[in-house]
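# Understanding the architecture of this molecule
Residue strings, one per chain:
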Amino acid sequence: MKLIADNTCQEKSLNKGKPPINVTSEIGRLRTVMLKRPGKEVENLVPEYLHRLLFDDIPYLPIIQKEHDFFAETLRSRGIEVLYLEQLFVEALTSEEIKIQFIDEMLRECHAHVNGASIVLKEYLLSFSTEQMVDKIMSGVLKKEIDSEKKTHLYEFMDDHYPFYLDPMPNLYFTRDPAASIGNGLTINKMREPARQRESLFMEYIIKYHPRFAGKDVPVWLDRDYPFSIEGGDELVLSKEVIAIGVSERTSAKAIEKLALNLFKKQASFKKVMAVEIPKCRAFMHLDTVFTMVDYDKFTIHPEILGPQGNLNIYILEKGVDEGTPKISFRTDLQEALKEVLGLDDIILIPCGGGDEIAASREQWNDGSNTLAIAPGVVVTYDRNYISNELLRKNGIEVLEIPSSELSRGRGGPRCMSMPIFREDI
Ligand SMILES: NC(=[NH2+])NCCC[C@H](N)C(=O)O
C-alpha cells in the first residue's frame with residue numbers, strides 16, 4: 001500500500017487540547033480531512049459486477065491515483081491536514097488481539113462462514129503484515145489466491161463461477177459516506193447497499209482504537225448497529241444548530257428521526273434537523289449530489305429536484321414534548337426554509353449547468369453540484385463541470401478545479417471523496 005502521508009496520523013501539537021472532531025458547518029475553514037487513495041480495489045472491478053459494486057465504468061488505476069493525489073495536494077496547499085483512512089486504520093490495529101477481532105468481524109460480515117471458508121481465509125489474512133492485510137481486505141481476495149489443497153468445498157473450486165472470496169471495496173475512496181462528523185461527534189453509518197456495508201467497520205475501529213480518537217469521549221450519535229440506513233452524502237451540517245439530511249435512495253426517514261432525537265437528547269448544540277425529500281434514483285443517490293453549501297448564503301442546486309412549482313417536501317424536526325417524539329413541521333419552499341433556519345434575509349441557489357437542460361443533466365451526472373467547501377466561498381470541484389464552475393465564479397466563489405476523468409467514474413465528486421474531521425467554527 002502506497003501512502004502519501006509523510007508521517008503518522010498522530011495529532012499535530014497545533015490541535016492539542018482541542019476535541020479530535022469539530023464540524024459545525026459545511027463551510028468553516030477546513031483544518032483536517034480524511035481521504036482514501038484509490039487502490040487495487042478499483043482494478044478488481046469487472047463488467048459483470050459493476051452494477052452491484054455501484055460503478056458505471058472501470059477507472060484506469062494510475063490515472064485515478066494521479067487525479068486523487070492532485071486533489072490531496074490541492075487541499076495540502078491550502079494548509080489542510082490530509083489523513084488517509086487506510087493509514088489511520090492500520091494505526092488503529094494497535095494489538096494482535098484487536099487485529100484478530102477485526103478479521104473475525106469482517107469475515108462474519110462477508111458471510112465467509114456460510115461457505116466454511118472463514119478458517120482458511122483467517123489463516124491467509126494473518127500471514128500478511130498488518131498493512132498488507134488491510135490492503136488485501138480492501139482490494140478483495142480472489143479464490144485463486146488460496147492453495148488448492150486448502151480448498152474443501154465445491155464452490156471453492158468454481159473460480160469461473162464467481163472469482164472472489166471477499167469482494168473488493170472500490171467505493172472506499174468516497175470517505176464521506178460510511179461516517180459523518182457532526183459537531184464533536186459523528187455517525188458511524190449503517191449503509192444501504194450490500195456492496196458498501198462493510199466500509200463503516202473501518203471507522204468504528206478508528207474511533208475506538210486509534211490514539212487520536214480513543215478515550216477522548218467522541219460521541220457516536222448513531223452507530224452502524226441501528227437497523228435503518230443513513231449515509232454521509234445525505235448529512236449536511238448547515239450551522240451549529242441546523243442539520244439538513246436527505247431522505248433519499250440511501251437514507252431512511254427512520255434513521256433521520258433517530259439521529260435527530262439522539263442529538264436533541266444529548267444536549268448537542270443542534271436544535272433543528274431539516275429532512276429534505278429527494279427523488280430516489282441513482283443519479284441523485286445522496287442529497288450532496290444535488291445540493292451543497294458553498295458560502296454563508298449560497299448553495300449549489302440541481303434544478304431537477306424541484307417540482308413544477310419549485311417545490312420540495314421539507315420536514316423540520318425539533319425537540320418534542322417527550323424524548324421519544326420530535327415536533328415536526330412541514331415546508332415546501334427550499335429557499336424560504338433555508339432563510340428561516342439560518343436566520344438570513346436572502347439565499348442564493350446556484351443551478352448546476354446554469355439551469356440549461358442538457359448541461360445541467362450532464363454536469364450533475366458528473367457531480368457538478370458536489371462541491372467541497374474548504375472555507376466560506378472557496379470550493380474544490382471537478383474541472384469537467386465547466387459551466388457550473390463558471391457560474392460559481394460569477395457568484396463570487398473561488399473555485400479550485402481538479403482533474404476528474406477517472407475519479408468521476410465512481411459517481412461521486414469532491415464532497416463525496418472527503419470526510420472533514422476538523423473545521424473552524426464560523
Ligand atoms: N456522497 C456521495 N454522493 N457519494 C457518492 C458515492 C458513489 C458510490 N459509487 C455509491 O454508489 O455509493
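Residues numbered from 1 in each chain as written. Predicted model: local features only at pLDDT ≥ 70, side-chain atom pairs only at ≥ 80, totals over all residues. Heavy atoms only, no water.

### Details of helix α8 (residues 253-265)
The test is simple: The secondary structure listing takes helices from DSSP runs of H or I that are at least 4 residues long and strands from runs of E that are at least 2 residues long, numbered from the N terminus. Expected span of a helix: the number of residues minus one, times 1.5 Å. Each residue is placed in one exposure class: buried if its accessible area under a 1.4 Å probe, protein chains only, is under 20% of its type's maximum, exposed if it is over 50%, and partly exposed if it falls in between.
For α8, which comprises 13 residues, the first-to-last C-alpha distance of 18 Å matches the rise-based estimate of 18 Å (1.5 Å per residue) to within 8%. Regarding α8, the residues found buried are A255, I256, L259, A260, L261, N262, L263 and F264. Positive phi shows up at Q267, right after α8, with a value of about 60°.

### Comments concerning unusual backbone geometry
The backbone phi angle of D367 is positive, close to 65°, even though this residue is not glycine. Inspection of the secondary structure assignment puts D367 in the loop between α10 (357-365) and β16 (372-375). Positive phi values are uncommon outside glycine, yet R411 reaches one of about 65°. With respect to the element layout, R411 can be found in the loop between β18 (398-402) and β19 (419-423).

### Topic: the site of the ligand
For clarity, the threshold we go by: The cutoff for a nearby residue is simple: one of its non-hydrogen atoms must lie within 4 Å of the molecule or strand. Whenever a nitrogen or oxygen atom comes within 3.5 Å of another N or O atom, the pair is scored as a polar contact, on the condition that within protein one atom can donate a hydrogen and the other can accept it, and that pairs from neighbouring residues in sequence are kept only if both atoms are in side chains. Values of accessible area rely on a 1.4 Å probe in the Shrake-Rupley scheme; residue burial ignores everything except the protein chains shown. Each residue receives one of three labels: charged for Asp, Glu, Lys and Arg, nonpolar for Ala, Val, Leu, Ile, Met, Phe, Trp, Tyr, Cys and Pro, and polar for the others, Gly being one of them.
Around the ligand lies a shell of 15 residues, among which N171, D177, D288, G410 and C416 are the nearest. Here R250 contributes a side-chain N or O atom positioned 2.9 Å from an oxygen atom of the ligand. Here a nitrogen atom of the ligand and a side-chain polar atom of H286 are 3.0 Å apart. Coverage of the ligand by the protein amounts to 100% of the 350 Å² it exposes when considered alone. Split by residue class, the shell around the ligand holds four nonpolar, five polar and six charged.

### Details of the pattern of salt bridges
The line we're drawing: What makes a salt bridge here is a side-chain nitrogen of Lys or Arg within 4 Å of a carboxyl oxygen of Asp or Glu, nothing more.
Enumeration over the complete set of coordinates arrives at 30 salt bridges. Between E363 and R362 there is a salt bridge, and its shortest N-O distance comes to 3.8 Å. Among the residues examined, E363 registers a relative accessible area of 0% and is labelled buried. Assessed through its relative accessible area of 38%, R362 is described here as partly exposed. R393 is paired through a salt bridge with E390; the nearest N and O atoms lie 3.9 Å apart. Linking R393 with E390, this pair stays in helix α11 (residues 386-394), spanning three residues, or about one helical turn. The structure contains a network of salt bridges with shared partners spanning E26, D288 and R415.

### Here we look at the nonpolar core
Heads up, the rule is: To qualify as a nonpolar core, a set must consist of buried Ala, Val, Leu, Ile, Met, Phe, Trp, Tyr and Cys residues joined through side-chain atoms within 4.5 Å. Here, residues are in contact when the closest pair of their heavy atoms is within 4.5 Å.
By size, the foremost hydrophobic cluster in this structure holds 45 residues, and its most contacted members are F102, L121, L186, F202 and M203. Elements with a minimum of two residues in this core: α2 (85-92), α3 (96-109), α4 (118-126), α5 (130-139), β4 (164-166), β6 (185-188), α7 (199-209) and β19. Dropping the residues within four chain positions of it, M203 is found in contact with M34, A179, L186, I188 and M419.

### Description of the packing of aromatic side chains
To be explicit about the condition: Two rings from Phe, Tyr or Trp (for Trp, the six-membered ring) form a pair when their centres sit within 6.5 Å of each other. Planes less than 30 degrees apart are called stacked, planes more than 60 degrees apart edge-to-face, and all others tilted. Distance and angle both matter: a charge sits over a ring if NZ of Lys or CZ of Arg is within 6 Å of the ring centre and within 35 degrees of the ring normal.
In total, this model carries 14 aromatic pairs according to the counting rule given. Ring geometry for Y162 and F164: centres 6.0 Å apart, planes at 65°, overall edge-to-face. Where Y173 meets F174, the ring centres are 4.2 Å apart and the plane angle is 35°; that geometry is what we call tilted. Each member of the pair, Y173 as well as F174, is classed as buried. Each residue in the set F89, F102, F202, Y205 and Y209 is aromatic and connected to the rest through ring pairs, giving one cluster. Here the guanidinium or amino end of R411 rests over the ring plane of W365, the centre of that ring lying 4.0 Å away.

### Description of the packing of α2 against α5
The test is simple: The axes are straight lines fitted to the C-alpha atoms, using for helices just the contacting stretch, and the angles between their N-to-C directions are given from 0 to 180°. Roughly parallel means an angle under 35 degrees; roughly antiparallel, over 145; roughly perpendicular, 65 to 115; everything else is oblique. Working rule for handedness: look at the near helix, and if it is turned counterclockwise from the far one by less than a right angle, call the crossing left-handed; if clockwise, right-handed.
Following both chains from N to C, one finds α2 and α5 inclined at 130°, their axes separated by 10 Å at the closest point. Taken as axis vectors, α2 and α5 run oblique relative to one another. The handedness of the crossing between α2 and α5 is right-handed. Side by side, α2 and α5 meet where L85, E86, F89 and V90 of the first sit next to T130, E131, V134 and M138 of the second. The class makeup of the residues in the contact of α2 with α5 is five nonpolar, one polar and two charged.

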